[in-house]
Amino acid sequence: MRFDIMTLFPEVVDCVLGSSIIGRAKQNGIIEVFSHNIRDYTKDKHKKTDDAPFGGGKGMLMSTQPIADCFAAVKSQASGKTRVIYASPRGRIFNHEVARELSEYDNIIILCGHYEGVDQRIIDTIIDEEISIGDYVLTGGEIPACIMVDAIARLVPGVLSDKECYEKESIASGLLEYPQYTRPREFNGLTVPEVLLSGHHENIEKWRLEKSLEITRQRRPELYEKYISEHK
Ligand code: 4GM
């Protein structure tokens, strides 16, 4: 699977996606991540990539030409099933389900906005979908892009090791994670629940499910109701 990120700050993206599990998956050739500096494509003699909005108002908009030319270069390298995403507070809210859907593509291209965003004609002509990571505004789309790449890439077979595997992970099942403990058995007078030390796998699974249900019901009643209605 290949990810292309069009940005004015490629170093941010390279830094975040260059380390840990995603960095390892890149090194192993399981995924490819390329960042593209939109500024490299500007034809402006001062390397400008933004301009004031027609109609007035505060802030600046990213201009069409550098993005359009950057996109043409990226698109020419893409093959297979491709999805072009604009990281934007106006978009569909990103979650595990969206990540799973996007992990089916061969190519994911993400445009990161800055300033007050991009000229609407870019959205109308090159973008398949606007996606938001949540109801808040950031200074740029780079962090949302990295979050999406991380969440999508870890669903690609081979990115996670068996130990890191996602099959049984909480949110994927529709429930929140149960509490977990590691050594020592006692920490500041606090002990580990007895059942986890029992070696009785059936009881352990039962306890974990109960805890997951309890925590989900308390913290995310809407997730709890959905789970219950799907497991009747
Ligand atoms: C405005 C328009 C995404 C601002 C387009 C991007 C938050 C999100 C930006 C943009 C962003 C989000 C840049 N802030 N909630 N800032 O996913 O790309």
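Whatever comes next refers back to the structure up there.
Here's a quick rundown of the structure.

Cut-offs and rules
Position labels on residues start from 1 in each chain and follow its written sequence. In keeping with the model being predicted, local features are shown solely for residues with a pLDDT of at least 70 and side-chain atom pairs are shown and tallied solely at 80 or more, while totals for entire chains, interfaces and linings include all residues. Hydrogens and water are ignored here; the side-chain numbers use all heavy atoms of the structure. Strands are runs of DSSP state E lasting at least two residues, helices are runs of H or I lasting at least four, and both sets are numbered from the N terminus onward. What the globule rule says is 2.2 Å times the number of residues to the power 0.38, and the radius of gyration is computed from C-alpha atoms. Each residue is assigned to one of three classes by its accessible area relative to the maximum for its type, calculated with a 1.4 Å probe on protein chains only: buried under 20%, partly exposed between the two thresholds, exposed over 50%. Accessible surface area values rest on a Shrake-Rupley calculation with a 1.4 Å probe, where residue burial reflects the displayed protein chains alone. A residue counts as positive if it is Lys or Arg and as negative if it is Asp or Glu; His and the chain ends are not included. Charge coordinates come from a single atom per side chain, which is NZ of Lys, CZ of Arg, CG of Asp or CD of Glu. By definition, residues are in contact when any of their heavy atoms lie within 4.5 Å. Only strands joined by at least two bridges in the DSSP assignment are considered to pair. In this analysis, axes come from line fits to C-alpha atoms, helices being fitted only over the stretch in contact, and the angle between any two N-to-C directions falls in the range 0 to 180 degrees. The path from the first strand over the helix to the second decides the hand: if it runs clockwise while the strands point away from the viewer, the crossover is right-handed.

### A closer look at the overall build of the chain
Inference 1: Helix and strand counts for the chain stand at 10 helices and nine strands.
Inference 2: Whereas a compact globule of 232 residues would reach a radius of gyration of roughly 17 Å, the chain reaches 22 Å, over 25% beyond that.
Inference 3: Its C-alpha atoms give the chain principal-axis dimensions of roughly 70 × 40 × 40 Å.
Inference 4: For the chain, the residues scored as buried account for 40% of the 232 residues in total.
Inference 5: Entry remark: accessible area of the chain is about 13,900 Å², with carbon and sulfur atoms responsible for 51%.
Inference 6: Taking the average location of the 29 positive side-chain charges in the chain and that of its 36 negative ones, the two points are 1 Å from each other.

### Notes on the environment of Pro179
Inference 1: Mapped onto the secondary structure, Pro179 falls in the loop between helix 7 (170–173) and strand 8 (186–187).
Inference 2: Since its relative accessible area comes to 25%, Pro179 is described here as partly exposed.
Inference 3: Separated by 14 residues in sequence, Pro179 and Pro193 place their C-alpha atoms 9.8 Å apart.
Inference 4: What Pro179 contacts, discounting residues up to four positions off in sequence, is Trp207, Lys211 and Ile215.

### Section: the sheet that holds strand 6 (residues 107–112)
Hydrogen bonding along the main chain pairs the strands of a sheet, whether they run parallel or antiparallel.
Inference 1: Sheet architecture is open: five strands sit in the order 2-1-6-5-7, paired in parallel fashion. Edge positions in the sheet fall to strand 2 (32–37) and strand 7 (129–132), since each has one partner strand and no second. Each neighbouring strand pair of the sheet contributes to a mean axis angle of 30°, computed without reference to strand direction.
Inference 2: Relative to strand 6, strand 1 (residues 2–7) is paired through five bridges, and the arrangement is parallel. Along strand 6, the bridge assignment pairs Ile5 with Ile110.
Inference 3: The strands touched by helix 1 (residues 10–17) within the sheet are strand 1 and strand 2, with strand 2 carrying the most contacts at an inclination of about 160°.
Inference 4: The strands touched by helix 3 (residues 64–75) within the sheet are strand 1, strand 2, strand 5 (82–93) and strand 6, with strand 1 carrying the most contacts at an inclination of about 165°.

### A closer look at the pairing of strand 6
Inference 1: The element strand 6 is extensively covered by neighbouring structure, given that six of its six residues are classed as buried.
Inference 2: Covered by surrounding structure in strand 6 are Asn107, Ile109 and Leu111 together with Ile108, Ile110 and Cys112, the residues of both alternating faces.
Inference 3: Judged from the six bridges that link them, strand 5 and strand 6 form a sheet pairing that is parallel. Across the sheet, the residue bridging to Thr82 is Asn107, located in strand 6.
Inference 4: With helix 4 (residues 96–102) bridging strand 5 and the parallel strand 6, this β-α-β connection has right-handed handedness.

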